[in-house]
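# Results of the structural survey
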Amino acid sequence: MAAITSSSFGHYSHAIVRGIPASLPAAALRIENQGEVNLENARREHAIYVETLKKLGLHVHELAADEQFPDCVFVEDAAVVVGGTALITRPGAPSRRKEVEVVKSVLEDLHLNVVEMQDESATLDGGDVLFTGKEIFVGMSKRTNQRGAEILADTFKDYAVSKIPVTDRLHLKTICGAAGPNVIVIGTGEAPQKVLKTMQQMSDYRYEKLTVPDDVAANCIYFNIPGKGNVLIHCAQEEFPESAKVFQKLKDYTLIPVPNSELAKVDGGLTCLSILINKSTEI
């Protein structure tokens, strides 16, 4: 597997997304009750998200929703893709394990090097994996365990993999994100600040820190688009106005706020809704 350079981090050619099943509002997993999901509004917001990816020039593979899997829209958890290799995960929630099958099929059709996590003692959610372009941080959460992290490290041997304890949050990327090859976005709360301190202690690299007042607003998506440069999909102004102001201070970025108020009620962030792939990477 060829290592990704900082200059190529954020380059993507394809994305996998999945529709929202009607079963989501009543049956989706959630850490706590954050209100009832309005299915029509959730689908409207999701359509904006998908259209944004298309406008950025990505070829978007749109998988149909499956009513058997209320959480299937959160497709990120089904696979981790770095360069030309895709690791099919074993989600921590047993009800989600079969979601990976259709995702695996698409990744094989794209001729990626597909690795399956077959150890039944392992669990790993893609939402716990933060790739910075230089290294990988993996959240040790209720959904990801030690064996899952070990298989992740075995799969992506070109990169250091550091295990980060995550408590009181669903995933690592619930409270942090990458806004570029040298920029970590982090919330101000006690949990994210503890995570940041651990990341800094374990990393051989030094990152710029972008701190947002709303922890979940740290979940963002960075792109390096030819002809456009740095592009960042982030929280909408109407949802997190103070955090949106922080993003607006970034220089030399094209900023794209995308609404996600409905899926956030079931712990869904912006990164949760896609698997991003760069097919121009050597496989």
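Our subject is the structure listed above.
Calculation rules
- Residues numbered from 1 in each chain as written.
- Predicted model: local features only at pLDDT ≥ 70, side-chain atom pairs only at ≥ 80, totals over all residues.
- Heavy atoms only, no water.
- Helix = DSSP H or I, 4+ residues; strand = E, 2+ residues; numbered from the N terminus.
- Rg over C-alpha atoms; globule rule 2.2 N^0.38 Å.
- Buried < 20%, exposed > 50% of the residue type's maximum accessible area, 1.4 Å probe, protein only.
- Contact = heavy atoms within 4.5 Å.
- Areas by Shrake-Rupley, 256 points an atom, 1.4 Å probe, with all protein chains shown as cover.
- Salt bridge = Lys/Arg side-chain N within 4 Å of Asp/Glu carboxyl O.
- Polar contact = N/O pair within 3.5 Å; in protein donor to acceptor, adjacent residues only side chain to side chain.
- Disulfide = S-S within 2.5 Å.

### A closer look at the overall build of the chain
- Broken down by element type, the chain carries 6 helices and 15 strands.
- Scaling as 2.2 N^0.38, a compact globule of 283 residues should have a C-alpha radius of gyration of about 19 Å, and the chain matches this with 17 Å.
- In terms of principal-axis extent, the alpha carbons of the chain reach across some 45 × 40 × 40 Å.
- Within the chain, buried positions represent 58% of all 283 residues.
- Here the analysis covers contacts within the chain between residues at least 6 apart in sequence; of these, 73% occur between residues at least 24 apart.
- Within the structure as shown, the chain displays about 12300 Å² of accessible surface, and the carbon and sulfur contribution to it stands at 48%.

### Brief notes about the side chain of E262
- Inspection of the secondary structure puts E262 in the loop between β14 (253-257) and β15 (275-277).
- By relative accessible area, E262 is classed as buried at 7%.
- If we skip the residues at most four places from it in the chain, E262 touches E36, V37, N38, N41, A42 and E45.

### Brief notes about the pattern of salt bridges
- All chains considered together, the criterion is met by 13 salt bridges.
- A salt bridge links K54 to E62, with the shortest nitrogen-to-oxygen separation between them at 2.7 Å.
- Classification of K54 by relative accessible area gives partly exposed; the value is 36%.
- For R143, the salt bridge identified is with D125, shortest N-O distance 3.6 Å. Of the two residues, R143 sits in the loop between β7 (136-140) and α4 (146-155) while D125 sits in the loop between β5 (113-116) and β6 (129-131), which places them 18 residues apart along the sequence. The pair formed by R143 and D125 is uniform in burial state, with each residue classed as buried.
- Among the charged side chains, a network of salt bridges with common partners joins D77, R96 and E99.

### Examining the side chain of S203
- Relative to the assigned elements, S203 resides in the loop between α5 (190-202) and β11 (208-212).
- Engagement of the side chain of S203 in a polar contact is seen with the side chain of E135, the distance being 2.5 Å.
- Look past the residues within four positions of S203 in its chain and what remains in contact with it is E135 and F137.

### A word on the environment of R97
- Along the polypeptide, R97 turns up in the loop between β4 (85-88) and α3 (100-109).
- For the pair formed by R97 and M199, sequence separation is 102 residues and the distance between their alpha carbons is 29 Å.
- Excluding anything up to four places from it in sequence, R97 contacts R90, P91, G92 and T123.
- Only 2.6 Å separates the side chain of R97 from the backbone oxygen of P91, close enough to count as a polar contact.
- Of note is the side chain of R97, whose polar atom sits 3.4 Å from the backbone oxygen of G92.

### Overview of the state of the cysteines
- Evaluation of the coordinates by the stated rule reveals 0 disulfides.
- Here C220 is not cross-linked by a disulfide; its sulfur's nearest cysteine counterpart is in C235, at 8.7 Å.
- Judged by its relative accessible area of 4%, C220 falls in the buried class.
- As a non-bridged cysteine, C272 has C176 as the owner of its nearest cysteine sulfur, 12 Å distant.

Structural measurements only, silent on function.
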